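Single-letter residue listing:
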Amino acid sequence: MAENLINEESRKEKFKLAKQDSTIHDTKFETKPVTYLQDCLRRFAKNKASVVGAIILILIGLFSIFEPVIDPKNHVGNNDFFTSGEFRDQYFSCAKPKNALFEGTGFWDGTEVEVGMSQTNYKFKKFNDSNHPIIVEEIDEYLPNLPDSFLNDPKYQDKKQYDVRIDTYAIGCQELKISKDVFDDLVAYEKENGVFEQKDDGSIMKPLVDYEKYLSEFETQLNLEEYAQTDSLISAMRTMYIQNPSYYFKIVPVKTSNGVYSTSAYTIPENDDGTPVDIYQRDSEGNLVYYEIVDGSYKIRVDYYDYFTFRAGIEPIFLFGSNKYGQDILLRMALGVRFSLMLGICITLVNFIIGLIWGAISGYYGGKVDLIMERFTDVIANIPSIIIMSIANIQLVGNDELKAVLGAGGTIVVAIFIAFIYNGWVGVAGTTRMQFYRFKGQEYVLASRTLGAKDKRLIFKHILPNATGTLVTRSILMVPSIIFSEASLSYLGIIDFENSGICSIGAMLNEGKAAGLDKNPHVLLFPALLITLLMISFNLFGNGLRDAFNTTLRGSED
Amino acid sequence: MRDTKATLMYILKRILLMLLTLVIIFIISFMLIRLLPIPDVGGVGADQEKFMLQQVRLGRMQIVNGEYVDIPIIQQLFNFIKNLFYPYYLDEETGELVKFSAWGMSTMKDYQTPPEVLFSNLGPTILLNLFSMLLSVPVGLALGTYMALKKDKWQDNFLGVLVMILISVPSFVSAFLIQYFLGFKLQWFDTTYELARPITSLVLPVLSMSIGSIAGYARYSRAELTEVLTSDFMLLARTKGLTRSQATIRHAFRNSLVPIFPMILGELISLLSGSMIIESIFGVPGVGGLFINSITQKDYDVFQFVSIFYILIGLVGGLIVDISYGIVDPRIRMGGEK
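A short tour of the structure in this document, coming up. (Residues numbered from 1 in each chain as written. Chains lettered and ligands numbered in written order. Predicted model: local features only at pLDDT ≥ 70, side-chain atom pairs only at ≥ 80, totals over all residues. Heavy atoms only, no water.)

## Structural notes on the overall build of chain B
Along its length, chain B carries 12 helices and 4 strands. On C-alpha atoms alone, chain B measures out to a radius of gyration of 26 Å, which is more than a quarter above the 20 Å that the 2.2 N^0.38 rule sets for 338 residues. A principal-axis box enclosing the C-alpha atoms of chain B has dimensions of 90 × 60 × 30 Å. Across the 338 residues of chain B, 45% fall into the buried class. Accessible surface for chain B amounts to roughly 17900 Å². Of this, 64% is attributable to carbon and sulfur atoms. Charged side chains in chain B number 27 positive and 26 negative. The centres of these two groups are separated by 17 Å. (Helix = DSSP H or I, 4+ residues; strand = E, 2+ residues; numbered from the N terminus. Rg over C-alpha atoms; globule rule 2.2 N^0.38 Å. Buried < 20%, exposed > 50% of the residue type's maximum accessible area, 1.4 Å probe, protein only. Areas by Shrake-Rupley, 256 points an atom, 1.4 Å probe, with all protein chains shown as cover. Lys, Arg positive; Asp, Glu negative; His and termini not counted. Charge placed at Lys NZ, Arg CZ, Asp CG, Glu CD.)

## Examining the overall build of chain A
A count of helical and extended segments in chain A gives 17 helices and 9 strands. Compactness check: chain A gives a C-alpha radius of gyration of 37 Å against a globular reference of 24 Å for 558 residues, more than 25% above the reference. For chain A, the spread of C-alpha atoms along the principal axes amounts to about 140 × 65 × 55 Å. Taken over 558 residues, chain A has a buried fraction of 46%. Within chain A, residue pairs in contact and separated by at least 24 positions form 71% of the contacts whose partners lie at least 6 positions apart. Side chains of chain A carry 54 positive and 70 negative charges; the gap between the two charge centres is 15 Å. (Contact = heavy atoms within 4.5 Å.)

## Describing the packing of aromatic side chains
Any aromatic ring pair is given by two values, namely how distant the centres are and how the planes are angled relative to each other. Residues and elements named next belong to chain A. Enumeration over the complete set of coordinates arrives at 46 aromatic pairs over all chains. The interplanar angle of 20° and the centroid separation of 4.5 Å between the aromatic rings of Phe124 and Tyr247 together place this pair among those described as stacked. With Phe124 in helix H4 (residues 119–126) and Tyr247 in the loop between helix H7 (230–243) and strand S6 (252–255), this residue pair connects regions lying 123 residues apart in the sequence. You can call Tyr247 buried: its relative accessible area is 11%. Three or more aromatic residues link up through ring pairs in this structure, and these residues are Tyr91, Phe92, Tyr169, Tyr304, Tyr305, Tyr307, Phe308 and Phe318. Positioned over the ring face of Tyr437 is Lys440, at 4.5 Å from the centre of the ring. (Phe/Tyr/Trp six-rings, centres within 6.5 Å; stacked < 30°, edge-to-face > 60°. Lys NZ or Arg CZ within 6 Å of the ring centre and 35° of its normal.)

## Structural notes on the environment of A:Ile476
All names here are of chain A. One can find Ile476 in helix H15 (residues 455–492). The spacing of Ile476 and Leu545 is 69 residues in sequence and 8.9 Å in space, taken between C-alpha atoms. What Ile476 contacts, discounting residues up to four positions off in sequence, is Phe538, Phe541 and Leu545.

## Some details on the nonpolar core
Core analysis: the largest hydrophobic core is formed by 139 residues, its most contacted members being A:Ile416, B:Phe172 and B:Phe291. When residues in this core are grouped by element, the largest group, 15 residues, is from helix H17 (residues 521–549) of chain A. Setting aside residues no more than four positions away along its own chain, B:Phe172 makes contact with A:Phe484, A:Ala487, A:Ser488, A:Leu509, A:Ile531, B:Ile277 and B:Ile281. Listed in part, the 27 residues of the second largest apolar core include A:Val76, A:Phe82, A:Leu176 and A:Phe183. (Core = buried A, V, L, I, M, F, W, Y, C linked by side-chain atoms within 4.5 Å.)

## Concerning the pattern of salt bridges
Residues and elements named next belong to chain A. Counted under the stated rule, the structure contains 22 salt bridges over all chains. A salt bridge links Lys160 to Glu141; the shortest N-O distance between them is 3.2 Å. Of the two residues, Lys160 is situated in the loop between strand S2 (135–142) and strand S3 (161–167) and Glu141 in strand S2; the sequence distance between them amounts to 19 residues. For Lys160, a relative accessible area of 9% puts it in the buried group. Connected via shared salt-bridge partners are Asp39, Arg42 and Arg43. (Salt bridge = Lys/Arg side-chain N within 4 Å of Asp/Glu carboxyl O.)

## Regarding the interface of chain B and chain A
With 36 residues of chain B at the interface, the matching set in chain A holds 36 residues. In total, about 3200 Å² of surface goes out of reach between chain B and chain A, with carbon and sulfur atoms giving 83% of it. Taken together, the links from chain B to chain A amount to 1 residue pair in polar contact (both at pLDDT 80 or more). Secondary-structure elements contributing two or more residues to the side of chain B that touches chain A are helix H1 (4–34), helix H5 (154–168), helix H6 (171–185), helix H10 (276–282), helix H11 (287–296) and helix H12 (300–328) of chain B. When residues of the side of chain B that touches chain A are assigned to their parent elements, the largest contribution, 8 residues, is made by H6(B). Considered class by class, the residues forming the side of chain B that touches chain A number 28 nonpolar, 7 polar and 1 charged. (Buried area = accessible area lost by both parts, 1.4 Å probe. Polar contact = N/O pair within 3.5 Å; in protein donor to acceptor, adjacent residues only side chain to side chain. Nonpolar A, V, L, I, M, F, W, Y, C, P; charged D, E, K, R; others polar.)

## Quick word on the pairing of strand S7 (residues 261–267) of chain A
Residues and elements named next belong to chain A. Note: S6 against S7, 3 bridges, orientation antiparallel. Counterpart to Lys255 in the pairing with S7 is Tyr261. Taking the residues that link successive antiparallel strands as the turn, the S6-S7 hairpin has 5 residues, and the phi of Gly259 there is positive, at about 80°. (Pairing = 2+ DSSP bridges.)

## Structural notes on the sheet that holds strand S1 (residues 111–118) of chain A
All names here are of chain A. Read from one edge of the open sheet, 3 strands run S1-S3-S2, paired in antiparallel fashion. Of all the strands in the sheet, the pair left with one neighbour each is S1 and S2. Looking at each pair of strands side by side, their axes are set apart by 20° on average, direction ignored. Looking at chain direction, S1 and S3 are connected through 6 bridges and run antiparallel. Considered in S3, the bridge of Val113 is made with Arg165. Against the sheet, H4 makes contact with S1, S2 and S3, and its axis sits at roughly 135° relative to S1, the strand it touches most. (Axes fitted to C-alpha atoms, helices over the stretch in contact; angles between N-to-C directions.)

## A few points about empty space enclosed by the protein
Using the criterion set out here, one finds 3 cavities of 30 Å³ or more in the structure. Of the volumes computed, that of the second largest cavity is approximately 70 Å³. Of all the secondary-structure elements, those providing two or more residues to the lining of the second largest cavity are H17 of chain A together with H6 of chain B. Split into classes, the residues belonging to the lining of the second largest cavity amount to 9 nonpolar, no polar and no charged. (1 Å grid on protein atoms, 1.4 Å probe; cavity = no way out; pocket = protein on both sides within 12 Å on 5 of 7 lines; lining within 4 Å. Points joined across faces, edges and corners; volume = space filled by probe spheres on them.)

Written as structure tokens, this is what we have:
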């Protein structure tokens, strides 16, 4: 011990203070300071699932903004063909999803398989003078309850059943009355393509059908037979022809065993070569008649698909199919999600502001103020918003004066706002109140108060910034819940967007319900998938945000 | 048990507060509903006359110079309260007192009283919710326990993602998918409710309702159990010689049930209210469907009664959840000061 001391003593002159001549200053940090937001962002970026959620959300947002801009179907307002001002046509009601790339593959090409079609139905669809065959593929023909060896037996011909693939876009011919201008355009177009007054070769105008002549012939024949119910039979047949302008051939009612003609079951007489007996309108020289002037307008019979394409300038191809009214589901999805998102964000903002103020006052002042305010929110929160929605809906939507000012859509939006705002803010108020209770008793607040800070400063500078994270997360998660509630209420029919010009995802789900899940699943499927995607990505995003704003997690995961 | 008295006082206080809230809400909704224009029911003739006469008896309208005129709403409220305690009117033809319902009558269901209509719809709703609870609680808890035991292993991660997706998928979407694939495509079950087969035709609605709750229970019980599993008393349990499964079942699982049990209890109460969406999709003639129909068909008396029923259930449910927290977990002191 003593030796060591001596040793050190002896070495003392060998030591020298390193910074003997320089004064020491505080040096600046060479690293950049991490702000609160940067810290949150860093932690958010680490959570891969939330990043994916955020990206999907951005993509959905971009889709909702740009799809309606790009889509030509959204810009037909000045085309006088669409009297409603939007791209819709009843004839293309519930068309199946079709992608031009998949034409003829049987998948995503607008076709559907129909099983067990009767012989008569099959022929009604098979004999078709339009440019687009309705039956694109015959999958199978068979006799129910009989072996296939009887297929060629003439006795069973009319018992045959078919499994066929049908093109849902091929809707055959329609009889129209059009103005002279449109007719001239059409004729010019057909002459240009060399198909004017041609029966086939892709012509739009098809020969007119003179079913009245055939009906009177048939009536004469019935009278010869001294048939009792001639009038009702003929009128049933006339209805048949009027409802189906595609029928260019003779139809004969089936005679039942007791000698009475059926008014609903028909057969199609055929020529020797298997073609039906046509009843086209012919002039005195026996030429086919393609148009007729009735009361100043032109009566024509057209291949509707090609006529539609000619008039609209857009081929009716619906990537995700069409709904009951023949509107494009893809376009409506974009419009619907845009409306839903906007609604969700606006209502959340309003709720957030009201809730923040309410909760801040209630939480900060506490005591009697808090008690009274809490009772008030108790009452409000316990009235289900579905009740308020129904009442607001009945009161406002039925109000014609309001409708005149705001329009049908505006009235519904106001009703939705009332229903969602009236107690939507209660949750935010509760969270804010809790945060205030948490922070207002802490020492730093007390210190600030001691130094003379006013209530306003304490609330906005000291307490609120600490509560931001929780509140923001809560509010972000409110957006999907509002979208979901709106969708449920529209689906249930409590919010009714029909004829209001507004499209929401919920309204589309309601259309899907009306279209029938078994026959037209696509009307419901695509909007349902979109809202699911929206919900999942919002949840992922919200969860990530919650962790990101939670500063107590800092460093624990590194 | 020196807290018993305090607890009872607290419960009593809560019940009184609840009743007060209920009365206020009732008055608000009564006024809002009475503000609605009285619908034209049954067009003209006997039905219309019967309906109007009933409105007069209920004290909602009066006959002035042979025309039916609305009574002020405050007056209607007092009339309603009077009718509630003295539901009789004097039949002028026979001179007898006839009993009637202060709640009015249903216009869509042959002039039954709203309570009758509601109770006739309760059966399918209770059945549907009961089955779905019986399915979702055990499955959800089992799933959550499994995930907690396999925490951070691939099973947990996989199930975690699945649970997250199932929670996010809106109930009507999962219901549609189930209805489409199991009902229409595979044709295993009835796609809509059939009165003749009340059990088998409920399979799809029960399944649709359970999916979301299973995921909810799984997520919740996993979170609770993982927290309990890391606590000190679990270490003690292991050191005193219990096997892992013994410690998990006897100590961890029971403790993790503390916050879950009130949740289940709350759901048991809301069993009566039913799910409007599921009932509407599968055509179950339950309370939810009745509520929707009463709105769309403007049957306001039924609408009002079902609304009050819903509000009552919501309040009672909340109360029971709150109280049961204290009963299940003695560490929580009810009504404790902050």
